[in-house]
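Here is how the chains run, residue by residue.
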2 protein chains.
Amino acid sequence: MKIAILGGTGKEGAGLATRWALGGHSIIIGSRDAERAKTKAAELRERTGKIPIIGHSNAEAAELGEVVVIALPANGLANTLPECAPGCRGKVVVSTVVSLTFGGGRLFTPPATGSSAEEAQALLPEARVVAAFHHIAAHELADGEHPIDCDLLVCGADPLAKETVAVLALSMGLRLVDVGPLSNAACLEGITAVLATINRRYKLKNSGIKITGL
Amino acid sequence: MKIAILGGTGKEGAGLATRWALGGHSIIIGSRDAERAKTKAAELRERTGKIPIIGHSNAEAAELGEVVVIALPANGLANTLPECAPGCRGKVVVSTVVSLTFGGGRLFTPPATGSSAEEAQALLPEARVVAAFHHIAAHELADGEHPIDCDLLVCGADPLAKETVAVLALSMGLRLVDVGPLSNAACLEGITAVLATINRRYKLKNSGIKITGL
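For the structure given in this document, a descriptive report is provided here.

What counts and what doesn't
Residues numbered from 1 in each chain as written. Chains lettered and ligands numbered in written order. Predicted model: local features only at pLDDT ≥ 70, side-chain atom pairs only at ≥ 80, totals over all residues. Heavy atoms only, no water. Helix = DSSP H or I, 4+ residues; strand = E, 2+ residues; numbered from the N terminus. Rg over C-alpha atoms; globule rule 2.2 N^0.38 Å. Buried < 20%, exposed > 50% of the residue type's maximum accessible area, 1.4 Å probe, protein only. Contact = heavy atoms within 4.5 Å. Areas by Shrake-Rupley, 256 points an atom, 1.4 Å probe, with all protein chains shown as cover. Lys, Arg positive; Asp, Glu negative; His and termini not counted. Charge placed at Lys NZ, Arg CZ, Asp CG, Glu CD. Least-squares fit on C-alpha atoms with pLDDT ≥ 70 in both. Pairing = 2+ DSSP bridges. Axes fitted to C-alpha atoms, helices over the stretch in contact; angles between N-to-C directions. Expected span 1.5 Å × (residues − 1). Polar contact = N/O pair within 3.5 Å; in protein donor to acceptor, adjacent residues only side chain to side chain. Buried area = accessible area lost by both parts, 1.4 Å probe. Salt bridge = Lys/Arg side-chain N within 4 Å of Asp/Glu carboxyl O. Nonpolar A, V, L, I, M, F, W, Y, C, P; charged D, E, K, R; others polar. Right-handed = clockwise from strand over helix to strand, strands pointing away. Core = buried A, V, L, I, M, F, W, Y, C linked by side-chain atoms within 4.5 Å. Arc of directions from axis to C-beta.

## Brief notes about the overall build of chain A
Within chain A, the secondary structure is distributed over eight helices and nine strands. A compact globule built from 214 residues should have a C-alpha radius of gyration of about 17 Å, and chain A, at 16 Å, falls within 12% of that. With the C-alpha coordinates of chain A rotated into their principal frame, the extents come out at 40 × 35 × 35 Å. The burial tally for chain A puts 58% of its 214 residues in the buried class. The contacts of chain A with a sequence gap of at least 6 include a subset with a gap of at least 24, amounting to 72%. When the accessible surface of chain A is summed, it comes to about 8500 Å², and 54% of that surface belongs to carbon and sulfur atoms. Distance from the positive charge centre (21 side chains) to the negative charge centre (21 side chains) of chain A: 6 Å.

Structure below.
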């Protein structure tokens, strides 16, 4: 599958790119700055030994991807997504975005739309937005091939989009758990705050979550 | 420990009472209706074979408990907690409350205070409120003695309160995971919506959550 990763130069985006490239997918790294995207793509080609990793501006990446993954900072959606909307039309778009504020106060505050995923859906009205991949630590993704001890929780309205996410999950060896409609996205995003707090408190880098009884 | 359970006649409250009674604690079931509390207490004495389970009004239960557990419906806090405030003064108060709305629309919407636990803290300003026990299915609790495959996530400001929760967790054989300050409570409460959705979707009664990498 051709996977565009908006904000793919960040840690989480680059980590996802690494895993998916190693899983046999073609990757388009997107960035505000096309040159930075190309540099990161070259670095990931080097690291993974996989050729089909290229870099483009976010809007071009969205055009080129069959599926589009949003790995942008939460406060960057309103600026970046409108220019990506034509490229995302009709496509499966996966929001991994979580609005965390470090440094005291409340760690997780969802945006006024209810969640970052719903904000993405509002900014990309013709895309099939699902929320997923919030809980897989960048640290876990980065080193490539060891098994990740975490479930892949997904929510969204579109069954086809969830099937696409199932393929993306499978290429990382993750079990997909369907968590219903996109209105549950804030609950998934909030779990990232739980894991970030646990990482800090227990001096970990890679806590994750598994659903039991399933 | 003497544990008062406000709203202890409900499924979750009665399930917690069952487990803690079997773990050797004394239980005071609280209810708006003291007679209903006494009837439920008699039923639980019968079911568990444990004598120290009594029933009282919520306010009396709060007075009698060394620790107070809130198992009220989310929309009942504003009505019920003010009369319990004198009894809760200085005590560890554990909020298990989650504001779920079934039947379409958004399943989980935290109250304006940020979370039900923070609402409880606002209504009980002299209590040491922590949030915990949101994820242990009533169905799992009810049958008494089999192991529960779920972690016990807790958040709150007071280290002493967390130690008390650790004791309560241990009496059910649960591992406690410290999830930082009370401002993370909405994230824990939201996980209940995730589990409720999974239960419905996969036709389960007892999905739970485990933290990996810990």
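## Topic: unusual backbone geometry
With a phi close to 65°, A:F133 is a non-glycine residue in the positive phi region. Within the element layout of this structure, A:F133 appears in the loop between β6 (128-131) and α6 (138-142). With a relative accessible area of 1%, A:F133 lands in the buried category. The backbone of B:K203 shows a phi angle near 55°, a positive value even though the residue is not glycine. Tracing the backbone shows B:K203 in the loop between α8 (185-201) and β9 (208-212). In this structure B:K203 comes out as exposed when scored by relative accessible area, which is 75%.

## Considering the relation of the copies chain B and chain A
Structural alignment of chain B on chain A gives an RMSD of 0.0 Å, achieved by rotating through 180° and translating 0.0 Å along the axis. Both chain copies can therefore be described as sitting about a two-fold axis. Closest to the rotation axis within chain B is the C-alpha of B:K210, separated from it by 2.6 Å.

## Details of the sheet that holds strand β4 (residues 67-70) of chain B
All names here are of chain B. The eight strands are arranged β3-β2-β1-β4-β5-β6-β7-β8 in an open sheet whose pairing can be described as mixed. The open sheet is flanked by β3 (53-57) and β8 (176-178), the only strands paired with a single partner. Direction aside, the axes of adjacent strands within the sheet are offset by 25° on average. Where α8 meets the sheet, it contacts β6 (128-131) and β7 (152-156), and its direction lies at approximately 150° from that of β7.

## Some thoughts on helix α2 (residues 34-48) of chain A
All names here are of chain A. Compared with the 21 Å implied by 1.5 Å per residue over 15 residues, the 21 Å span of α2 between its first and last C-alpha is a close match. Where α2 starts, the residue carrying a side-chain oxygen 2.9 Å from the main-chain nitrogen of E35 turns out to be D33. In the segment just after α2, G49 is the residue with positive phi, at about 70°.

## Section: the interface of chain B and chain A
Counting residues at the interface gives 38 residues for chain B, matched by 38 residues for chain A. Across the interface of chain B and chain A, roughly 2800 Å² is buried in total on both sides, 59% from carbon and sulfur atoms. Of all residues in chain B, B:R106, B:C187 and B:T212 give up the largest surface area on contact with chain A, accounting jointly for 21% of the area buried on that side. There are four salt bridges connecting chain B and chain A. Linking chain B with chain A are 15 residue pairs in polar contact (both at pLDDT 80 or more), by the criterion used here. Breaking the side of chain B that touches chain A down by element, the ones donating at least two residues are β8, α8 and β9 of chain B. When residues of the side of chain B that touches chain A are assigned to their parent elements, the largest contribution, ten residues, is made by α8(B). Across the side of chain B that touches chain A, the residue classes tally to 18 nonpolar, 13 polar and seven charged. In this structure, strand β9 (residues 208-212) of chain A lies alongside β9(B), joined through five bridges in antiparallel fashion. Note that in β9(B) the partner of A:K210 across the bridge is B:K210.

## Looking at the pairing of β6(B)
Residue and element names in this part refer to chain B. Taken together, the four bridges between strand β5 (residues 92-95) and β6 define a ladder with parallel strand orientation. Looking at the pairing, V93 lines up with V129 of β6. On the question of chirality, the crossover connecting β5 to the parallel β6 by way of helix α5 (residues 116-123) is right-handed. In this structure, β6 lies alongside β7, joined through two bridges in antiparallel fashion. From the neighbouring strand, A131 faces β7, where its bridge partner is C155.

## Considering the nonpolar core
Residues A:F133 and B:F133 are the most contacted members of the largest nonpolar core, which totals 145 residues. The biggest single contributor to this core is α8(B), with nine residues.

## What to know about helix α7 (residues 159-170) of chain A
Residue and element names in this part refer to chain A. Across its twelve residues, α7 extends 16 Å between first and last C-alpha, which sits within 8% of the 16 Å expected from 1.5 Å per residue. Listed in full, the buried residues belonging to α7 are A161, K162, T164, V165, L168 and A169. With its buried residues spanning 155° around the axis, α7 presents them on a single face. For α7, the exposed residues lying more than 90 degrees away from the buried face are P159, E163 and L170. Measuring from the backbone nitrogen of L160 back to the side-chain oxygen at the start of α7 gives 2.9 Å, which picks out D158 as the cap.

## Brief notes about the pattern of salt bridges
Following the criterion strictly, the structure yields 18 salt bridges over all chains and no others. One salt bridge connects A:D178 with B:R201, and the closest N-O pair in it is separated by 2.8 Å. Highlighted residues: A:D178 in strand β8 (residues 176-178) and B:R201 in helix α8, drawn from two different chains. Note on A:D178: relative accessible area 12%, which makes it buried. Judged by its relative accessible area of 43%, B:R201 falls in the partly exposed class. One network of salt bridges, in which partners are shared, links A:K40, A:E43 and A:R47.

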